[in-house]
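# Structure at a glance
Letter by letter, the chains look like this.
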Amino acid sequence: MRIAQVAPLFESVPPHQYGGTERVVSWLTEELVRQGHEVTLVASGDSETSAELLPAWPTALRLGEPLTDTLAPQLYQIELMQQEAHRFDVIHWHTGYLHLPMARRIRVPQVTTMHGRIDLPELRPLFGEIRDAPLISISDDQRRPIPDANWVATIHHGLPEDLYAPGSGDGGYLAFLGRISPEKRVDRAVEIARRTGMPLKVAAKVDPVDEEYFETEIRHLFDDPLVEYIGEIGEDDKGRFLGDAAAMLFPIDWPEPFGIVMIEAMALGTPTIAMRTGSVPEVLEDGVTGSLVTSVDEAVAAVQAIDRFDRAAVRRRFEERFTAERMAAEHVTLFEWLIQNSRVPFGVVAPATPSPLA
């Protein structure tokens, strides 16, 4: 199968540091190549892949030379796909919704994975108008704000089975990994550490939009001797950081669409203590791979009972549910269905055979 994987341009594929969507695109692309498909990755030119790389901009927008207008490269990427579309059996977009109006010009079966939040009221009119665009959700919960969109599959993320070796968990600390932003609630993580007396290590980036929040609300919390702020870390450091942790804290305060860090911790055998919201109950199994809590009080109690988890069992559940091999196989099943049932420009023939993954 000739497959185009169209990645966001803000980070390289894979990202050099933080970048959840681009990391998933990389894992999926490499696994599809391994399974024998002819894959083209449409991404920034500093990306690395075993697929054919079709660069849509020389370097990733976030870490490359600063640009006054980042919209222009994204529109160029969409136009590039219009010109190159004839080369592919299916086009898989990972670029949010910006391409959807223009993609109607592309006469090739295509589908879009929605990686980000869609619980914003201004998105409803757009998806109401472009109601024929086939969409993949990354969790069932992600669909709730716009349930009547053209969801053709839910496919949970997966990562390479051999990416991480199980960790020991003997570092004696709690870990927080991700972004520092109001919805990620690193302040809750600090409170949990203080109340349990357990050290907390924070490996997180601060986006420009969150710098004021960081300076006014968060930075002073890191003066606590129990808290070590590491900053943004790359892939090479992540395994040891999460693998040595006794547990990972995921004290979010928003409807997380998936939360890749939960399956990364799972791959390392590290249990996660997470707020029961968004996709979290779909990813974590309470009492098996982590603790689902509804308050800081419950999170404190969960930390105090962390020794009850079998780290080998946590790792086994990762192998059973969240590998890149499973993720790629589900995408291939969907792509085959799209090719058989799609009309162009996009949409699905009605009445069509229901998607096997819907």
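The sections below set out a description of the structure shown in this document. Not measured: the values here are computed from a predicted model.

## Points about the overall build of the protein chain
Each helix and strand in the protein chain was counted, giving twelve helices and 13 strands. Here the protein chain has a C-alpha radius of gyration of 20 Å; the compact-globule value for 358 residues is 21 Å, and the two agree. Taking the principal axes of its C-alpha atoms as reference, the protein chain extends roughly 60 × 45 × 40 Å. Residue burial in the protein chain is summarised as follows: out of 358 residues, 56% are buried. Taken as a whole, the protein chain presents about 14800 Å² of accessible surface, with 49% of it coming from carbon and sulfur.

## A short note on the sheet that holds strand β6 (residues 135-137)
Spatial strand order, β3-β2-β1-β4-β5-β6-β7: seven strands in an open sheet with parallel pairing. The sheet is open, and its two borders are formed by β3 (52-57) and β7 (151-154), each paired with just one other strand. On average, each strand axis in the sheet is inclined to that of its neighbour by 25°, with strand direction left out of account. Here strand β2 (residues 38-44) runs beside β3; their pairing, made up of five bridges, is parallel.

## Notes on the environment of L221
Checked against the element boundaries, L221 lands in the loop between α6 (211-218) and β10 (227-229). Linking L221 and V186, residues 35 residues apart in sequence, is a C-alpha distance of 9.4 Å. Setting aside chain neighbours within four positions, we find L221 in contact with D187, V190, R194 and V227.

## Concerning the pattern of salt bridges
Going through the model one piece at a time under the given rule, you end up with 29 salt bridges. In this structure, the salt-bridge partner of E256 is K184, at a minimum N-O distance of 2.8 Å. Note that E256 is positioned in the loop between β11 (247-250) and α8 (260-267) and K184 in the loop between β8 (174-179) and α5 (186-196), a separation of 72 residues in sequence. For K184, a relative accessible area of 10% puts it in the buried group. Where R185 meets D253, a salt bridge forms, and the shortest distance between an N and an O atom there is 3.0 Å. On the criterion of sequence distance, the pair formed by R185 in the loop between β8 and α5 and D253 in the loop between β11 and α8 is long-range, its members being 68 residues apart. Salt bridges sharing partners connect three or more residues here, namely R185, D187, R188 and D253.

## Considerations on empty space enclosed by the protein
This model, assessed by the stated rule, comprises two cavities of 30 Å³ or more. There is about 80 Å³ of room inside the largest cavity. Along its surface, the largest cavity is lined by G116, R117, I118, D119, D141, Q142, R144, P145, W254, P255 and P257. Partitioned by chemical class, the residues of the lining of the largest cavity number five nonpolar, two polar and four charged. Computed from the structure, the second largest cavity encloses a volume of approximately 50 Å³. For the lining of the second largest cavity, the secondary structure elements donating two or more residues are α1 (20-34) and α12 (324-341).

## Describing the pairing of strand β5 (residues 110-114)
Within β5, five of the five residues are buried, which leaves it mostly tucked inside the rest of the structure. In β5, alternate side chains face the same way, and those of Q110, T112 and M114 on one face and V111 and T113 on the other are all buried. Looking at chain direction, strand β4 (residues 90-93) and β5 are connected through three bridges and run parallel. Residue pairing in the sheet places W93 in a bridge with T112 of β5. Where β5 and β6 come together, three bridges link them in parallel fashion. By the bridge assignment, M114 is partnered in β6 with S137. In this fold, the crossover linking β5 to β6 by way of helix α4 (residues 123-129) has right-handed handedness.

## Details of the sheet that holds β10
Strand-to-strand pairing in sheets goes through backbone hydrogen bonds, with the strands running parallel or antiparallel. Pairing is parallel in the open sheet, where six strands are placed in the order β10-β9-β8-β11-β12-β13. The strands lining the two open edges of the sheet, one partner per strand, are β10 and β13 (290-293). Between one strand axis and the next, the sheet turns through 20° on average, direction left out of account. Where strand β9 (residues 200-205) lies against β10, three bridges are found, and the strand directions are parallel. Opposite V202, over in β10, you have Y229 as the bridge partner.

Procedures and definitions
Residues numbered from 1 in each chain as written. Predicted model: local features only at pLDDT ≥ 70, side-chain atom pairs only at ≥ 80, totals over all residues. Heavy atoms only, no water. Helix = DSSP H or I, 4+ residues; strand = E, 2+ residues; numbered from the N terminus. Rg over C-alpha atoms; globule rule 2.2 N^0.38 Å. Buried < 20%, exposed > 50% of the residue type's maximum accessible area, 1.4 Å probe, protein only. Areas by Shrake-Rupley, 256 points an atom, 1.4 Å probe, with all protein chains shown as cover. Pairing = 2+ DSSP bridges. Axes fitted to C-alpha atoms, helices over the stretch in contact; angles between N-to-C directions. Contact = heavy atoms within 4.5 Å. Salt bridge = Lys/Arg side-chain N within 4 Å of Asp/Glu carboxyl O. 1 Å grid on protein atoms, 1.4 Å probe; cavity = no way out; pocket = protein on both sides within 12 Å on 5 of 7 lines; lining within 4 Å. Points joined across faces, edges and corners; volume = space filled by probe spheres on them. Nonpolar A, V, L, I, M, F, W, Y, C, P; charged D, E, K, R; others polar. Right-handed = clockwise from strand over helix to strand, strands pointing away.

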